[in-house]
Amino acid sequence: MKVTAIIPDELIAEDMELSKAGTITETVKIALIAYIRTQKIKQLGATVLNEPLAFRYAAKEIRDLNRE
């Protein structure tokens, strides 16, 4: 997809330096991927807060199962 965006030069320059990207396109892709991953982690965290994980076995039971 082709997009025209007005992004401050300093922001692009800093992002290119941190991401080690060679082009502006690559820099924007890396930044978008990082943002999407961060948001998904936040959503997963909220889900776990609302519905905590349930563990079926105690540590001793797992050790015993692994030793069999």
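Residues numbered from 1 in each chain as written. Predicted model: local features only at pLDDT ≥ 70, side-chain atom pairs only at ≥ 80, totals over all residues. Heavy atoms only, no water.

The protein goes by Type II toxin-antitoxin system VapB family antitoxin in an unreviewed UniProt entry, where it is assigned to Cyclobacterium plantarum.

Can you explain the pattern of salt bridges? Please cite residues and give values.
Here the structure, examined in full by the defined rule, presents one salt bridge. Residue D64 is joined to K60 by a salt bridge in which the shortest nitrogen-to-oxygen separation is 3.1 Å. With D64 and K60 both in helix 3 (residues 59-67) and four residues apart, the pair spans about one turn of that helix. Taking relative accessible area as the criterion, K60 reaches 53% and is therefore assigned exposed. (Salt bridge = Lys/Arg side-chain N within 4 Å of Asp/Glu carboxyl O. Helix = DSSP H or I, 4+ residues; strand = E, 2+ residues; numbered from the N terminus. Buried < 20%, exposed > 50% of the residue type's maximum accessible area, 1.4 Å probe, protein only.)

Break down the packing of helix 1 (residues 9-19) against helix 2 (residues 24-50) for me, citing the residues and quoting the values.
For any two helices packed against each other, the geometry is given by the interaxial angle and the distance between the axes. Interhelical geometry of helix 1 versus helix 2 gives an angle of 75 degrees and a closest axis separation of 9 Å. Compared by their axis directions, helix 1 and helix 2 come out roughly perpendicular. Across from I12, D15, M16 and S19 in helix 1, the residues of helix 2 making contact are I24, T27, V28, I30 and A31. Class assignment for the residues of the contact of helix 1 with helix 2 results in six nonpolar, two polar and one charged. (Axes fitted to C-alpha atoms, helices over the stretch in contact; angles between N-to-C directions. Parallel < 35°, antiparallel > 145°, perpendicular 65-115°, else oblique. Contact = heavy atoms within 4.5 Å. Nonpolar A, V, L, I, M, F, W, Y, C, P; charged D, E, K, R; others polar.)

I'd like a rundown of a nonpolar patch on the surface, residues and numbers included.
On the surface, I7, L11, I24, V28, L32, Y35 and I36 cluster together into a nonpolar patch covering about 650 Å² of accessible area. Here L11 shows up in helix 1. (Patch = residues over 30% accessible without salt bridge, like charges linked within 9 Å, V, L, I, M, F, W, Y side chains within 5 Å. Areas by Shrake-Rupley, 256 points an atom, 1.4 Å probe, with all protein chains shown as cover.)

Lay out the confidence of the model for the protein with the relevant residues and their values.
Mean pLDDT for the protein: 92, with 100% of residues reaching 70 or above. Across the protein, element-level confidence peaks in helix 1 with a mean pLDDT of 96 and bottoms out in helix 3 with 87. (pLDDT = per-residue confidence, 0-100.)

Give me the lowdown on unusual backbone geometry, citing residues and values where you can.
Phi is positive for K20, which is not a glycine, with a value near 60 degrees. Considering the arrangement of structural elements, one finds K20 in the loop between helix 1 and helix 2.

Go over the environment of L11 with me, naming the residues and quoting the values.
In this structure L11 comes out as exposed when scored by relative accessible area, which is 51%. The sequence separation of L11 and P52 amounts to 41 residues, and the corresponding C-alpha distance is 38 Å.

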